[in-house]
Amino acid sequence: MELLIGLLLVGVAALAVPRGRVRLAAMGGIVLGAVILAVIRPAPSADLARYLPDDATAPDDARFSSSRACRACHADAYESWHRSHHRQMTQAVGPETVLAPFDGRVLVDGPRTYRVFRKGDGFFVDMPRYGTNGETPDQRMVRPVVMSTGSHHMQAYWIPSPHVDEPPARVGRALFNDRCTGCHGTDGRSKGEVEALRDAMLLPYEIERALDEPAHAQLDRRDPQGLAEIVRFVTRIQTTGRLMQFPFVWLVRHQRWVNEEHTFLQPPYTPAAAEIWGDPWSDGCDQCHSVRPDYDWSADDQRGEAEVAELGIACEACHGPGRGHIALHRDPAARYRSHLAADPPPTDDIVQPADLDHRRASAVCGQCHAELVVHDPETRFEPGIALEAHGGVVQFTPENPPPWLAPILEDEPNLLIDAFWTDGTIRIAGRNYNAQALTGCFTRGQMSCLTCHSMHDGPPNDQLKGPAVDDRPCLDCHPVIGADVTAHTHHPAESSGSRCYNCHMPHTTVGLLTLMRSHRVDSPSAERTAWSGRPDACSLCHIDRTLAETSKTLTEWYGQPDLPPTADDLGASAVVAWALRGDAVQRATAAWHMGWGPALEAAGSDWQVPYLAILLDDPYAAVRAIAIDALRRHRGFADFEYDYVAPSAARQARGEAAIARWHSAGPPPDRPTAFIVDGQLDRSRIEILFERRDDTEVRVNE
């Protein structure tokens, strides 16, 4: 402010100076000062409250109360929940919640740059305006960061839509509804065969280009101002959400910024020609990352009206709305009646998942941890009901999809192929309910999510019950096996090969740049692996064994059928073959297990380095990220420098450097199933399998 006042005083004085060099110098000083002011001016103050979703607990008739109301009576449960990653899933931004460095660094995505910086307790991004590359000052915008999502694997950030601070485009709306509703419907909500314009995510230049097409020839070109107002209105309704995602996320494990597109297992990402709209918070993210979200678009105000009972995954997400429960227990008479055995206790509508049957208890988790098609988007899940009453649980039914799934497959024809192994096992991380729903322990027994997990009695990382992971949940139902574990597993009782979950819940789901356990509890089968492509647990631990060798062992131990004739992998172990010729999900699975502790213990280490080096230049960013994590677990590679989003030439160079470092340690021991013979790699066989790589496009987007 002081600098601005000084510039004004200099300007006034300059006007009083006679024309000439002195006045010219004074005016030049003003221009220079203005430039300096533009560079060093403080960021705009962020009144974050006006951007955040409104508080749904505020109205007198609200059914929800938030975790704040639970704390006084349930202090221990509150504290254990407060330590959890569920609580941290979505948070208002502040110095104590932001994990990424907002230190003025510049991030790059194709032709565009982004600066992340901090001013006091506020966090900001300087980025291109949507539809531009931000090459000039008028093509850039500074937006405050309002919310964060995630705290465990990665953290994403939410910024206000640029339209939130702008007045409604009332003139453009009136002109649009006068001239365009015949095709597009009132306010662009669609009419007839024409798709809705609202939330179509068209950029301003795309709208202008569309208006020049023959389909819009009837518009009056003699009214350029009117056309400009229509463009302004149509641009505004492209993003009706109040908050939008900043395109970069912070990877906690890697301690780095990357474009979010590099965090999914999907085909290679090519930066768009111009900055595209960010994903709206209220377009589905709110449903599982907050409690009782609601959203509506006000056509009159042209604003998105969002509200939540609480950010993050809090008490009422699992126990249901608490206002009635609180009112009941604040009533002394009701409390006394609840303790009198002669009187029936007053009705309490709070839900305790542990008291539900195993299906409805699991539904509490499944409301978010399932691939689900909700029956009625206006109706929200509440704990205590069956998940199937709320939505259809998606399973692998490509030949005969249920009626509620068929329309989804018309819009997303590859959904089932991408999301599932062909034996019907889901492979998207976090969709554990879909897998559990196919498990005999659930369909014929009483297993639920709560059999193994607890929000309040387990550590935050996996929320597994007990002080450590053990086999008790399984052996409680299978006591005969528990009486002699080795007789069942054919492995030493204390080895990783005798852990129930290693054999029956292998890591075959992908997400968050890692592999996670499948929650379809079944037994390893080489035959099923051969026809479905889903890696079996034996091969993922004994990563130096061929699938034929695994099949022979399973036949001897468990009487499984012999493996039918399969594709010739030239004698490679199953994991080596998947790393070379597999599709992207198989390659990711192979890479992860080449760095997995039990697999290195069972099959030895170091010989995996050449295959991980090859995967450092995989077309899929997620495969590369998983491969470098695995490589750094091998001797001599903990400090290996590599950037998984670098250009291909740089990635190839680092792969060659990895192999050179591996060779420098001396001739490796022979590993015929890894094509290492007489201390040398058999590159010819490696190239043959590499040429067979399955390049079918796969998208496993959690």
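The residue numbers shown here count from 1 along each chain, following its written sequence. Residue-level local features of this predicted model are given only where pLDDT is at least 70; pairs of side-chain atoms are given and counted only at 80 or more, and the full residue set underlies all totals for whole chains, interfaces and linings. Only hydrogens and water are set aside; all other atoms, that is, all heavy atoms of the structure, feed into the side-chain values.

Caption draft 1: Highlighting a negative patch on the surface. On the surface, Glu195, Glu410, Asp411 and Glu412 cluster together into a patch of negative charge. Numbering goes from the N terminus for both helices and strands, where a helix is a DSSP run of H or I of at least four residues and a strand is a run of E of at least two. Locating Asp411 in the fold gives a position in helix 14 (residues 406-411). The patch calculation keeps residues exceeding 30% relative accessible area without a salt bridge and links them within 9 Å when they carry like charges or within 5 Å when they are nonpolar (Val, Leu, Ile, Met, Phe, Trp, Tyr). Accessibility throughout is a Shrake-Rupley quantity obtained with a 1.4 Å probe, and a residue counts as covered only by protein chains that appear here. Each reported salt bridge corresponds to a side-chain nitrogen of Lys or Arg within 4 Å of a carboxyl oxygen of Asp or Glu. For the purpose of charge, His is not counted, nor are the chain termini; Lys and Arg are scored as positive and Asp and Glu as negative. Positions of charges follow a simple convention, taking NZ of Lys, CZ of Arg, CG of Asp or CD of Glu.

Caption draft 2: Summary view of the pairing of strand 6 (residues 140-144). Burial classes follow relative accessibility: with a 1.4 Å probe on protein chains only, a residue under 20% of its type's maximum area counts as buried, one over 50% as exposed, and anything between as partly exposed. Taken across its 5 residues, strand 6 has 4 buried, putting it largely inside the fold. Pairing between strand 5 (residues 122-128) and strand 6: 5 bridges, direction antiparallel. Bridging from a neighbouring strand, Phe124 pairs with Pro144 of strand 6. Criterion used throughout: strands pair if DSSP finds at least two bridges between them.

Caption draft 3: Focus on the sheet that holds strand 6. Pairing is antiparallel across the open sheet formed by 4 strands, whose spatial order is 3-4-5-6. Two strands lie at the open edges of the sheet, namely strand 3 (106-109) and strand 6, each paired on one side alone. In this sheet, adjacent strand axes meet at a mean angle of 20° when their direction is disregarded. Direction of pairing for strand 4 (residues 112-119) relative to strand 5: antiparallel, over a ladder of 5 bridges. Across the sheet, Arg118 pairs through a bridge with Phe123, a residue of strand 5. Geometry is summarised by axes, namely lines fitted to C-alpha atoms with helices restricted to the contacting stretch, and by angles between N-to-C directions that run from 0 to 180 degrees.

Caption draft 4: Structural context of the packing of aromatic side chains. Each Phe, Tyr or Trp ring, with Trp reduced to its six-membered ring, pairs with another whose centre is within 6.5 Å; inter-plane angles below 30 degrees give stacked pairs, above 60 give edge-to-face pairs, and intermediate values give tilted ones. Per the stated rule, a full pass over the model turns up 19 aromatic pairs. Ring centres of Phe117 and Phe124 lie 5.5 Å apart, and the angle between their planes is 20°; this geometry places the pair in the stacked category. What makes Phe117 buried here is its relative accessible area of 11%. Of the aromatic side chains, those joined through ring pairs into one cluster are Phe102, Tyr114, Phe123, Tyr157, Phe246, Phe248, Trp250 and Trp257. As a reminder, the over-ring test applies to NZ of lysine and CZ of arginine, requiring each to be within 6 Å of the ring centre and within 35 degrees of the ring normal. For Arg427, the ring lying beneath its charged end belongs to Trp421, and the centroid distance is 4.8 Å.

Caption draft 5: Layout of the layout of surface pockets. Put plainly, a pocket is an open set of points on a 1 Å grid over the protein atoms alone with protein on both sides within 12 Å along at least five of seven lines, a cavity is a set where a 1.4 Å probe fits but cannot get out, and a lining residue has an atom within 4 Å of a point. Grid points are joined across faces, edges and corners, and a volume is the space filled by probe spheres set on the points. Looking at the second largest pocket, its volume works out to about 580 Å³. Along the walls of the second largest pocket sit 32 residues, with Ala530, Gly533, Trp578, Arg581 and Gln586 positioned nearest its centre. Residue contributions to the lining of the second largest pocket peak at 4 residues, all from helix 22 (residues 526-532). Put simply, Ala, Val, Leu, Ile, Met, Phe, Trp, Tyr, Cys and Pro go in the nonpolar bin, Asp, Glu, Lys and Arg in the charged bin, and everything else, Gly too, in the polar bin. Grouping the constituent residues of the lining of the second largest pocket by class yields 14 nonpolar, 10 polar and 8 charged.

Caption draft 6: A look at the packing of helix 4 (residues 170-179) against helix 7 (residues 224-236). Remark: helix 4 packs on helix 7, axes separated minimally by 7 Å, with the N-to-C direction vectors making an angle of 100°. Put simply, helix 4 runs roughly perpendicular to helix 7. Together, Val171, Gly172, Arg173, Leu175, Phe176 and Arg179 of helix 4 and Gly226, Glu229, Ile230, Phe233 and Val234 of helix 7 make up the contact between the two elements. Residues belonging to the contact of helix 4 with helix 7 are distributed by class as follows: 6 nonpolar, 2 polar and 3 charged. Oblique is the label for any angle not under 35 degrees, not over 145, and not in the 65 to 115 range, which are roughly parallel, roughly antiparallel and roughly perpendicular in turn. Contacts are assigned to residue pairs that have any heavy atoms within 4.5 Å of one another.

Caption draft 7: Layout of empty space enclosed by the protein. Tallied over the entire structure, the rule returns 4 cavities of 30 Å³ or more. When its volume is computed, the largest cavity comes out at roughly 80 Å³. If you go around the largest cavity, the residues you meet are Ser161, His163, Val164, Arg236, Thr239, Thr240, Gly241, Arg242, Trp297, Gln302, Arg303 and Gly304. Of the volumes computed, that of the second largest cavity is approximately 60 Å³. When the residues that make up the lining of the second largest cavity are grouped by side-chain class, the tally is 5 nonpolar, 2 polar and 4 charged.

Caption draft 8: Main features of the packing of helix 25 (residues 574-581) against helix 31 (residues 683-691). At a minimum axis distance of 7 Å, the contact between helix 25 and helix 31 shows a crossing angle of 60°. With respect to helix 31, the element helix 25 is oriented oblique. Contacts between helix 25 and helix 31 pair Ala577, Leu580 and Arg581 from the former with Ile686, Leu689 and Phe690 from the latter. In terms of residue class, the contact of helix 25 with helix 31 is made up of 5 nonpolar, no polar and 1 charged.

Caption draft 9: Inspection of the nonpolar core at higher detail. The definition of a nonpolar core used throughout is a set of buried Ala, Val, Leu, Ile, Met, Phe, Trp, Tyr and Cys residues joined through side-chain atoms within 4.5 Å. Ranked by size, the top nonpolar core spans 79 residues in total, and within it Leu265, Tyr611 and Leu631 carry the most contacts. A per-element tally of this core places helix 29 (residues 621-631) first, with 9 residues. Every residue in contact with Leu631, bar those within four places of it in the chain, is listed here: Val609, Leu612, Leu616, Phe637, Phe640 and Ala658. Judged by nonpolar contacts, the second largest core, of 22 residues, contains Val93, Val98, Tyr130 and Trp250.

Caption draft 10: Quick look at the environment of Arg661. If you trace the backbone, Arg661 turns up in helix 30 (residues 648-664). On the accessibility criterion, Arg661 (31% relative accessible area) is partly exposed. Beyond its immediate stretch of four places on either side in the chain, Arg661 contacts Gly636, Phe637, Asp639 and Phe640.

Caption draft 11: Structural detail: the confidence of the model for the protein chain. pLDDT expresses how confident the predictor is about each individual residue, on a scale running from 0 to 100. On average, residues of the protein chain score 91 in pLDDT, and 91% of them are at 70 or above. Below a pLDDT of 50 lies the segment residues 1-45, which in the model reaches 24 contacts outside its immediate sequence neighbourhood of four places, other chains included.

Caption draft 12: Spatial organisation of the sheet that holds strand 14 (residues 303-308). An order of 1-14-13 is seen for the 3 strands of this open sheet, with the pairing classed as mixed. Either end of the sheet is taken by a strand with one partner, and the two such strands are strand 1 (54-55) and strand 13 (294-298). Pairing of strand 1 with strand 14, which is carried by 2 bridges, proceeds in the parallel orientation. Each bridged residue has a counterpart across the sheet, and for Asp54 the counterpart in strand 14 is Glu307.

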